[in-house]
Amino acid sequence: MLAAKARLENVEKARIFLTERGLIDNDFKMAKDGDYFYFPIKKKMKSDLFAIVSYNFETRKSNEDLRSTLSKKLTKKEFAHLKTSFDTIGSIAILEIDKELRKKEKIIADSVLAANKNLRTILRKSGRHSGEFRTQKLKYITGERTKEAVHKENGVVMKLDVEKVYFSPRLSTERQRVANQTKPGENILCMFSGCGPYPLVLIKLQPRIKSIVSVEKNPVAVKYQKENIAMNKLQKIDVFCGDVRKIVPKLKNRFDRILMPLPKNAADFLDVALAAAKKGATVHFYDFLHESSFNDAVEKIKAACEKSKLSFKVLSINKCGQHAPRVFRICVDFKLI
Ligand SMILES: C[S@@+](CC[C@H](N)C(=O)[O-])C[C@H]1O[C@@H](n2cnc3c(N)ncnc32)[C@H](O)[C@@H]1O
């Protein structure tokens, strides 16, 4: 839904500005993510205090209802372990339930389902994102027995199996941030493209991009990505299934912009990206780093550029999500010069 995204230092002024105009939608809970605060709003409004983005807010009433229902069904000790915020992909909710609450997981899941009319299936995380495909084991708990969701974001619709394909709804503003930088006529390479959120959002928000080459190794993600391109009636995206290291060197094109959304080990592929980049190209390089060592990402870029005899300048370092306490997903935007 519509959100006004304000830097933390502007939150108070933005709140007053939006409240005075009656723009805040009080059915939803405001949210904080990294250095930004998100206000749920009823309609678009221009201001220097915030940017208009899309954001998945929790409903205020459903969360209050849920806590009040569960406070009667759980002991005080159990209630202290309860996490009532969760990710939603389409009509599937993915809950995190502490081991102390496992015996009550069906009660919790049924209550979440009852409190949220937009949900049809409740799954529980039963592992971390792992392996080359960055997928996560999810246990079905209640509702419609499916792991396939249809999710809307930034004006596109995406179908995916939430267990067999990596997807994070929390990255919608990051995809919008990158899309806002693209220019008409660009040839773009999207490495590690999953079920297609980056290519789809980029072409949707900047239809005058010349072409996008999209590379993904997980065949299930590629199957969905092709389906998603067709479902959104979008053109100009060429999808390749396979290893970036094998596919990209064989491509004839050189690129104006390269996306590397594999924070766990994108550095291992910087040589491939640099060889495929035009002079002056912009690269969006993702990494997971502790807040005290964001500069390590720049060092990785520097080492790769030196090896490839290229010069670069950092355009910006962006926090785009929290991975662990004080560890962030960051994106370094850099330009080859
Ligand atoms: C963190 S996920 C990001 C997916 C997608 N861009 C998104 O934002 O939802 C990284 C993706 O890279 C893919 N991947 C990992 N290693 C790869 C490689 N060597 N070549 C191509 N794809 C790879 C994984 O299968 C996974 O889908």
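Shown above is the structure to which this text applies.
Quantities reported herein were computed from a predicted structural model and do not represent experimental measurements.

Chemist: Give a detailed account of the overall build of the protein, specifying residues and quantitative values.
Modeler: From N to C terminus, the protein includes ten helices and 17 strands. Summarising its shape, the C-alpha atoms of the protein cover approximately 65 × 45 × 40 Å along the three principal directions. When each of the 337 residues of the protein is scored for burial, the buried share is 51%. Across the protein, contacts joining residues at least 24 apart in sequence account for 65% of those joining residues at least 6 apart. For the protein, the computed accessible surface area is about 16,900 Å², with 51% contributed by carbon and sulfur atoms.

Chemist: Go over empty space enclosed by the protein, please, and point to the residues and values.
Modeler: If a probe the size of a water molecule is rolled over the atoms, the empty space left behind becomes visible. Tallied over the full model, the rule gives one cavity of 30 Å³ or more. Counted as a void, the largest cavity has a volume near 30 Å³. What lines the largest cavity is L66, L70, L82, K83, T84, F86, L95, I108 and V112. Looking at the lining of the largest cavity residue by residue, the classes come out as seven nonpolar, one polar and one charged.

Chemist: Summarise the packing of helix 5 (residues 172-179) against helix 6 (residues 197-205); cite the residues concerned and give the values.
Modeler: The interhelical angle for the contact between helix 5 and helix 6, taken along N-to-C directions, is 50°, at an axis separation of 9 Å. Compared by their axis directions, helix 5 and helix 6 come out oblique. Of the two elements, helix 5 crosses helix 6, and the hand of that crossing is right-handed. Of the residues in helix 6, those touching helix 5 at E174, R175, Q176, V178 and A179 are P197, Y198, V201, L202 and L205.

Chemist: Requested: an account of the site of the ligand, with residues and values cited.
Modeler: Contacts to the ligand come from 19 residues, most closely from F192, E216, K217, D243 and V244. Here F192 contributes a backbone N or O atom positioned 2.8 Å from a nitrogen atom of the ligand. At a separation of 2.9 Å, a nitrogen atom of the ligand approaches a polar backbone atom of V244. Out of a free accessible area of 600 Å², the ligand has 97% covered by protein chains. Split by residue class, the shell around the ligand holds ten nonpolar, four polar and five charged.

Chemist: Describe the state of the cysteines, and please don't skip the residues or the numbers.
Modeler: All chains considered together, the criterion is met by zero disulfides. With no disulfide partner, C241 has as its closest neighbouring cysteine sulfur the one in C195, 14 Å distant. A relative accessible area of 43% means that C241 is categorised as partly exposed.

Chemist: For the sheet that holds strand 2 (residues 31-33), give the residues involved together with the corresponding values.
Modeler: Taken in spatial order, the four strands of this open sheet run 2-3-1-4, and their pairing is antiparallel. The outermost strands of the open sheet, each flanked by one partner alone, are strand 2 and strand 4 (51-54). Each strand axis lies, on average, 35° off the axis of its neighbour in the sheet, ignoring direction. For strand 2 and strand 3 (residues 36-40), the ladder comprises three bridges, and the chain directions are antiparallel. Counted as the bridge partner of D33 is Y36 from strand 3. Packing of helix 1 (residues 11-20) onto the sheet brings it into contact with strand 1 (2-7) and strand 3, and relative to strand 3 it is tilted by some 10°.

What counts, and at which threshold
- Residues numbered from 1 in each chain as written.
- Predicted model: local features only at pLDDT ≥ 70, side-chain atom pairs only at ≥ 80, totals over all residues.
- Heavy atoms only, no water.
- Helix = DSSP H or I, 4+ residues; strand = E, 2+ residues; numbered from the N terminus.
- Buried < 20%, exposed > 50% of the residue type's maximum accessible area, 1.4 Å probe, protein only.
- Contact = heavy atoms within 4.5 Å.
- Areas by Shrake-Rupley, 256 points an atom, 1.4 Å probe, with all protein chains shown as cover.
- 1 Å grid on protein atoms, 1.4 Å probe; cavity = no way out; pocket = protein on both sides within 12 Å on 5 of 7 lines; lining within 4 Å.
- Points joined across faces, edges and corners; volume = space filled by probe spheres on them.
- Nonpolar A, V, L, I, M, F, W, Y, C, P; charged D, E, K, R; others polar.
- Axes fitted to C-alpha atoms, helices over the stretch in contact; angles between N-to-C directions.
- Parallel < 35°, antiparallel > 145°, perpendicular 65-115°, else oblique.
- Left-handed = near helix turned anticlockwise from the far one by under 90°.
- Near = heavy atom within 4 Å.
- Polar contact = N/O pair within 3.5 Å; in protein donor to acceptor, adjacent residues only side chain to side chain.
- Disulfide = S-S within 2.5 Å.
- Pairing = 2+ DSSP bridges.

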